Amino acid sequence: MLGGVNASPELSDILVAWRGRMRSAAQRAWLAAALGVFLVAMLSGRQGTAATRLFAAGLLLAFLGCALGQWWWRRRRARHPLGEAIGIVRKVDQPLAKRLRRAVGLVERTHSHDERVSRELAELHLQRLLAQVPVALIESRATTQAARVKCVATGLLLAGLGVAATQGASLSEGFDVLLARHGMAPLSMQLLEIGPILVQPPAYLQAETGAIEFEGPASLPQGCLLTIHGVPRQEDRRLVLTDGQREVPFVHDAQGGVTAQYLLQQSARLRVAARFGQVLIPQDTEASIEAIIDRPPEVELDSAPKRVSIAEISELELRYHVADEHGIRQVDLVLRSGTREERRSLVRLDGKVQRHTGAHVLGMTDSFVVNGFGSVDVFVAARDDNNLSGANWGQSAVMTLDQPSLGHSQVQRYRRFDRLRRQLVDWFASFTAVERNPADLQRIQGETRVTFAEVAAGFEADKGAKRALSTFLRAQRNKLFRGEQPREFSAKTLSEVLLSVDATAEAIARRDAEQVARRLADVAVEIETGAKTALSSEQRDEGVVRVRTAMAWLASGAAELKQLGTLGDDLGEIAQAGWGRINKVFVARDFENVRRAAAFLAERLRRPMPSFVGGGRAGVESRSVGRGQGNRPRASEADQHLERVIVELQQLVREHASEVASLERVLGDAERAAVNEDLRPEARRHADAMRRLVEALPPLGAEPGSARATLALGKELVQGAAESLEQLRLVDAHAGLQKADAALAEAELLLGADHALTPAMEPNALAELRQRLTVHRDWVRRMLDTARGNSLKGSRDQLRLAGDRERELSDRAGRLAQRESKGDAVLPEDMRGDLEQASRLMRRASELLDQGRGPLALDQQRNAQKLLEREAPEPDPQQRSPASDGGRDDSNADARHSARGGKVVSTSDTESREDFRRRVQQGLSKEVQPDLSPAVRRYAEGLLK
Amino acid sequence: MSRFRGARVCAWFGLMVTLSDCRHHVEPTPIPSEAGGSVERLMAADRSLVELDVQRARDLLDKIPLGGHDVDRLRARLAVMVGDCQGAALLLSSHAQTESPSAASESNSLPLVADPERQSYPMANPRELQSVAEGCARAMAGAEVDIDAERGVWVRFQNAHDRVLLPLIAEVADRAATAIGKDLGALLPRPLRIELVSDLASLAAVTGLPLEAAETTGTIAIARWGKVTLVSPRATPEGFPWQDTLAHELAHLIISRQSADAAPLWLQEGLAKREETRWRQAMPLDETDEWHREAKQALLENRAIGIDRLGASIALLPTPQAAETAYAEVRDFLDYWIHQNGELALKLLLRDLAGLGAEGTERALVSVSGYRLDEWIARWQGSLMQEEQSESTRPSKNDRTTELVRAERPGWDIDAARRLRLAELLEGQRYHLAMAEQLASFSQVSTLPSELAHRAAFAQLMLGQLPSARDYVQPERIDHLDGTWLAIRGRVLAAMGDAAGAETAFLQSLAFAPTLEKVACRGFSAAEFEPPTAGPIPPGSEPWGSLCRAATAP
């Protein structure tokens, strides 16, 4: 439209005059702005927060937008150079610029068919005006303005370059941060000069501290503490050590470096990184460390997994083997029944032992087993020393003890007795029949004899039965049989035996019923506890399970209880009725009433009295029709008679043991007082000689039970006797030599069997050694007799008193034996014979005491005591305290064993041996000193063989 | 004595007037009007509970707008009486937590309303009530309740196995309550509530009676809290006369209702003892006047308890012998008193006591009979002494009874005990001949322990020796009645063709031990038939079939 004008040289001059001088200034200004925007964006973005990163990104985009706008505007203006020129003119001559604007308007109007002015004229007018433009002035102005812009832009550019030069690392970090995705910058940087990693192994390894290089793979035990040192490349960076999940900050180590500690809990790739707000800039290197996981100890329990019925065994022997790659700290026995669990420490070790083998005997009278509801799971658990993530337990397979119902064993016992009773009834009926059938009678006799044997055998296997019962049964059998043949006896004798067996069976049933009822009371308490738990909404399910389990136990136990005689029938009915009430409210999920009903039942069963007691008759509130109801005499007092005899016999044993101890004390005191000091040099010579004799024998520490160990024992005993002899303790010295001789005699026997193990000691040499020791022992004996002879002159009064007491005890034993020779005897003939023999020995001892012959009297007393102890029945195991199950029934360490200064475990006494073993096991479960443990372990292992 | 003649004439006149309008029930206290205060309603509710009118008490309590300790205690008492022990326990436990001990003891001792012009009743001891509610809630949680709507009898069975006894209990309770009510002039409101518990421990828990006391005296049932709590016949090995016991306890409730719980203990127990057998047909050995002999012997031997020295309860006496003597004394004393004053005087005395309260016993006695209690006791003791003096000059009419009273279990010695046990063992294995031989030595003994007699009879029965068996089931041969003996007697009589006598004996045996096998199965033992069929019981003859099946169930 203004083509002609646009192409005019005047116009071009104007534009060239301005543009030519302003171009470089404008470029420099843009460059400065770009640099400024970049610096601001990078430095703000480096803060790493979402806001600053958004701001930086926005700023860069805004600048880019501006540049594009400028470019577009310039292109648009290039198509209308006249307008630009008018703009340039306005900077130097505003009136002229206005005139140019009007001239342009006039030209434009001519283009819109305004006929008043010709087009050519209008363009001419415009060109003339353009020609009037002072180009020189424009050039001057443009030069001035360009110089100013250049100056400012250059200043800014220099400032920006200065900043960039000093903050170059920050700018690159800012750039990296701006590009970060998911909190991790894409470009790694060199942040830290990393030294070797110090590795501190966990305490359970008990290893030294080491070092590894940071770069490259490594395998370390779980729980190692890694310490990383380094010198940071840049100050004031928040450096961290990260595995991708956890971050550990580096801290100054006061030596110009930084350090961080990292606990290795699992395999990790460790990198050093710098934290900028929410963004991490990683270092290019990383440490790849594989954590070696500490496995729990491996525990093996012999024969497990296995199910065992409690009714079939009296104890469960558990042999276990534990292995751990680092060391075992503790081994526990775990018992679990339902929701209950009990852990018992079997052994505590020092954490260095890598293999351990042990054994434990779990008695079926154990309180947990007895009071368990349902089956009991038994297993062994062991832990090592690694406590990094709690105790590191390994466990064995499970032995499951299947419980028969509560009262099952008692019912079996009662049934055995009942079978015998029924057999005796058959015999009695046949015996008293008007027309006896000899064949029938013979058959019944045979059957009864067999039944006696079966019942006795049943009691042998039944640990809950009183030993006294076996004695009683033997006595009753002896009334009817002599050996395998029936005796001649009257119907009265047979009826007495029958009634005695009957009364005893009922008495046992009554006691068992009381015991079972009390245990069912515990079950009811369990139901009550379960109901309380169920009342809490969080533990409802657990409570329901507890109630249901215990209810099943109660139901079966009540059914068994009902079979235990009259009292059992009564209490069983109560228990069954109680179960019915509990079940009714349990089905309705009324746990409050479950709790009430169970609590009442528990209270009732814990007091196992008959439903009705009251002076033997019912109903003072009611009419008593006639007289009677109750006060019926007992048909047989056999059960009470048995109790009385047992009590009397045990009392006799205790009192006589006390007498033996008393006489030993008297004799010992007298001997000590009478030993002549002049003997000391001679005694020392004998002692030295004795020591020399046993010098060649091996020391302690051999395998227990071997000839070598027995020889070592003999050596110890001889040395102990020599020590006593030097101190003029003649009694101890003599006793020590006696024991030594016994040990050497045993060794002599053993040597034949394992001579290969002790080639240095020939049997002949041992015999000679014993002979030489006998010389010394005889000398001690002679000195002892002399001393006693002197001392007893001053103790005659004491001995006479002891004689009186002994005579009284002899009379008591004699009277007891005489009483037990009658028809209602509960002691068998052999026991009665022993009792009579003991009475005679005691009488002889009393006579010797009267004569002042104390040592001889003591021998007689000891022989009598042995007889008494052999015959005295053990107390009822059921009457023992629960603690006795664990072998701690110290209260029952009766005086009869104390008389001889300690109980030697007889190999034939299974129960005592097991008690002893249990005690040893308990002792071993205590914390032990590491330096002692091998010796103790060897001892225990030998014991268990 | 002449100075009381005028009073006695007046009393008799009053008695005639009163009894002419006797309607055999207690007049209820009018319900206070709506305008009446809560205190009056509370008073009326309390009295209603004393008179066992639970429905009226409930209505009154429902009309009291506000709660409070007194109201809640009455509600709790009401709940215990109707068997809602759990509710009562909850109600009382909420107060127990907020109530101070001093407040509790205060409410124990103070009457409900301190208005001397009005009759007031002490509230039940809240702690005791709470203890009873809790004990009852625990003992009876989950227990089965059966109701005989026709007879109006509510029974709660602690042992569900006892539910088979419901028809028997309902019938006996209904008959006894009706008969005794008519006798004493007051009917019990229905339903009659009976708790049948398994044992003494439960009896103690449900009633609040100390267990030691129950065990010492052999208490077998208690009438308290408006209901009868009875130990199941199953609880004792040979059973006990539970029907008479139930009647005895129902008599207590009736007396309490009739006298507004103001009757003194001697009157309560004497009257209950007197009524316990009067409601039914006579049974063997009913005629013995052993209580009279025992009372006299106790007086002569200076071991009498004393009519006015019975303490809080006979169940709390120190020994069962003391309790028995006390029962004999009160029973004989009351017989004497009635003999002197007549039956109507007794009814008048009860009505007078209801008006006068527990403190007015002396006034009531004087107004009805002309003498104070101590004077009556002196007169009664005087008559006993006089009787003894006259008897000492001539032979006793009833030597057997005297012998029974003085001897402890006649016929029992160690030989008898041994033979009995042998017989039991032989019977268990069906050696009836040997059993009979064991007991043969007792055939000539005049009075036998009934346990021996019924086993001897059974052995003879099994051997087909009916005449010998009959000899052992004559009432004069035994020292006391026993359920099994009665059942065997029934079987012997049935075998001899005396169907009516047999039926009577069978029914009488149920009064002692309905859960024993020989009683429930009409003289048969389970070994003679195959349980669980009811063996000898023909189909449809209930309750025998159910009883026999229950008794022989494994």
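Look above for the structure.
Just so it is clear, the model here is predicted, and its values are computed rather than measured. (Residues numbered from 1 in each chain as written. Chains lettered and ligands numbered in written order. Predicted model: local features only at pLDDT ≥ 70, side-chain atom pairs only at ≥ 80, totals over all residues. Heavy atoms only, no water.)

Participant: It is not clear to me how the overall build of chain A should be interpreted in this structure. Could you clarify?
Facilitator: A tally of regular secondary structure across chain A gives 27 helices and 21 strands. In chain A, which comprises 945 residues, the share counted as buried stands at 46%. Expressed as a percentage of contacts within chain A between residues at least 6 apart in sequence, the contacts between residues at least 24 apart total 72%. If you sum the accessible surface of chain A, you get close to 45800 Å²; carbon and sulfur atoms cover 51% of it. (Helix = DSSP H or I, 4+ residues; strand = E, 2+ residues; numbered from the N terminus. Buried < 20%, exposed > 50% of the residue type's maximum accessible area, 1.4 Å probe, protein only. Contact = heavy atoms within 4.5 Å. Areas by Shrake-Rupley, 256 points an atom, 1.4 Å probe, with all protein chains shown as cover.)

Participant: What should I look at first to understand the state of the cysteines in this one?
Facilitator: What we call a disulfide is simply a covalent bond connecting the sulfur atoms of a pair of cysteines. All names here are of chain B. Inspection of every chain in the model, using the stated rule, returns two disulfides over all chains. The disulfide that involves Cys-85 links it to Cys-136, with 1.8 Å between the sulfurs. Disulfide Cys-85-Cys-136: torsion about the S-S bond near 55°, hence right-handed. Placement of the pair is Cys-85 in helix 5 (residues 85–98) and Cys-136 in helix 7 (residues 126–140), with a sequence separation of 51 residues. For Cys-85, a relative accessible area of 2% corresponds to the buried category. (Disulfide = S-S within 2.5 Å.)

Participant: Honestly, unusual backbone geometry in this entry has me stumped. Any pointers?
Facilitator: Of all residues except glycine, most have a negative phi; of all peptide bonds, most are trans. Cis peptide bonds are those with omega within 30 degrees of zero, and the linkage from A:Ala304 to A:Pro305 qualifies with 0°. With an omega of 0°, the peptide bond between B:Arg190 and B:Pro191 qualifies as cis. Structurally, B:Pro191 can be placed in the loop between helix 8 (166–184) and strand 3 (192–197). Of note in the backbone geometry, A:Ala254 takes a positive phi value of approximately 65° without being a glycine. Considering the arrangement of structural elements, one finds A:Ala254 in the loop between strand 7 (251–252) and strand 8 (258–263). A relative accessible area of 76% places A:Ala254 in the exposed class. Positive phi is not limited to glycine here, since B:Trp225 has a value of about 55°. The exposure class assigned to B:Trp225 is buried, which follows from its relative accessible area of 10%.

Participant: Would you mind showing me how to read the interface of chain B and chain A here?
Facilitator: With 77 residues of chain B at the contact, the number on the chain A side is 55 residues. Both faces combined, the contact of chain B with chain A buries some 5800 Å², and carbon together with sulfur accounts for 53% of it. When the buried area of chain B at its contact with chain A is split by residue, B:Arg138, B:Arg418 and B:Gln429 rank highest and sum to 12% of it. Remark: the boundary between chain B and chain A carries five salt bridges. A salt bridge links A:Arg604 to B:Asp199, with the shortest nitrogen-to-oxygen separation between them at 2.2 Å. Counting every contact that joins chain B to chain A gives 14 residue pairs in polar contact (both at pLDDT 80 or more). Considering each element in turn, the side of chain B that touches chain A owes the most residues, nine residues, to helix 19 (residues 414–428) of chain B. (Buried area = accessible area lost by both parts, 1.4 Å probe. Salt bridge = Lys/Arg side-chain N within 4 Å of Asp/Glu carboxyl O. Polar contact = N/O pair within 3.5 Å; in protein donor to acceptor, adjacent residues only side chain to side chain.)

Participant: Any chance you could explain the nonpolar core here in plain terms?
Facilitator: Side chains of a nonpolar character, in soluble globular proteins, are inclined to be buried together. Grouped together as the largest cluster of nonpolar side chains are 255 residues, with contacts concentrated most on A:Trp427, B:Leu250, B:Trp266 and B:Leu267. In terms of residues, this core owes the most to one element, helix 13 (residues 491–535) of chain A, which gives 18 residues. The residues touching B:Trp266, leaving out its near neighbours within four places in the chain, are B:Leu271, B:Ile307, B:Leu310, B:Val330, B:Phe333, B:Leu334, B:Leu365 and B:Leu373. A:Ala218, A:Val258, A:Ala260 and A:Leu264 belong to the second largest nonpolar core, which has 33 residues in total. (Core = buried A, V, L, I, M, F, W, Y, C linked by side-chain atoms within 4.5 Å.)

Participant: Looking at this model, I keep getting lost on the sheet that holds strand 7 of chain A. Mind explaining?
Facilitator: Within a sheet, neighbouring strands are paired by backbone hydrogen bonds and run either parallel or antiparallel to one another. Residues and elements named next belong to chain A. Sheet architecture is open: five strands sit in the order 2-1-4-8-7, paired in antiparallel fashion. Strands at the two margins of the open sheet, each flanked by one partner only, are strand 2 (210–212) and strand 7. Bridge count between strand 1 (residues 192–200) and strand 4 (residues 225–232): seven bridges; the pairing is antiparallel. The residue of strand 4 that forms the bridge with Glu-193 is Val-231. (Pairing = 2+ DSSP bridges.)

Participant: Please clarify how the packing of aromatic side chains should be interpreted in this entry.
Facilitator: Residues and elements named next belong to chain B. Taken as a whole and judged by the stated rule, the model has ten aromatic pairs over all chains. Ring centres of Tyr-371 and Trp-376 lie 5.3 Å apart, and the angle between their planes is 80°; this geometry places the pair in the edge-to-face category. Residue Tyr-371 shares its accessibility class with Trp-376, and that shared class is buried. On the basis of an interplanar angle of 70° and a centroid distance of 6.1 Å, the ring pair of Phe-506 and Trp-544 is categorised as edge-to-face. Taken together, the positions of Phe-506 in helix 24 (residues 499–510) and Trp-544 in helix 26 (residues 544–552) put the pair 38 residues apart, joining distant regions of the chain. As far as burial versus exposure is concerned, Phe-506 and Trp-544 are alike and both buried. Cluster of aromatic residues (ring-pair linked, three or more members): Tyr-336, Trp-337, Tyr-371 and Trp-376. We note Arg-193 situated over the ring of Trp-154; from NZ or CZ to the ring centre the distance is 5.4 Å. (Phe/Tyr/Trp six-rings, centres within 6.5 Å; stacked < 30°, edge-to-face > 60°. Lys NZ or Arg CZ within 6 Å of the ring centre and 35° of its normal.)

Participant: Would you mind showing me how to read the sheet that holds strand 16 (residues 355–363) of chain A here?
Facilitator: All names here are of chain A. The three strands are arranged 11-13-16 in an open sheet whose pairing can be described as antiparallel. Of all the strands in the sheet, the pair left with one neighbour each is strand 11 (298–301) and strand 16. Across the sheet, the mean angle separating the axes of adjacent strands is 20° when strand polarity is ignored. Pairing of strand 13 (residues 315–323) with strand 16, which is carried by nine bridges, proceeds in the antiparallel orientation. Looking at strand 16, one finds that Val-322 is bridged to His-356. (Axes fitted to C-alpha atoms, helices over the stretch in contact; angles between N-to-C directions.)

Keep in mind these values describe shape, not function.
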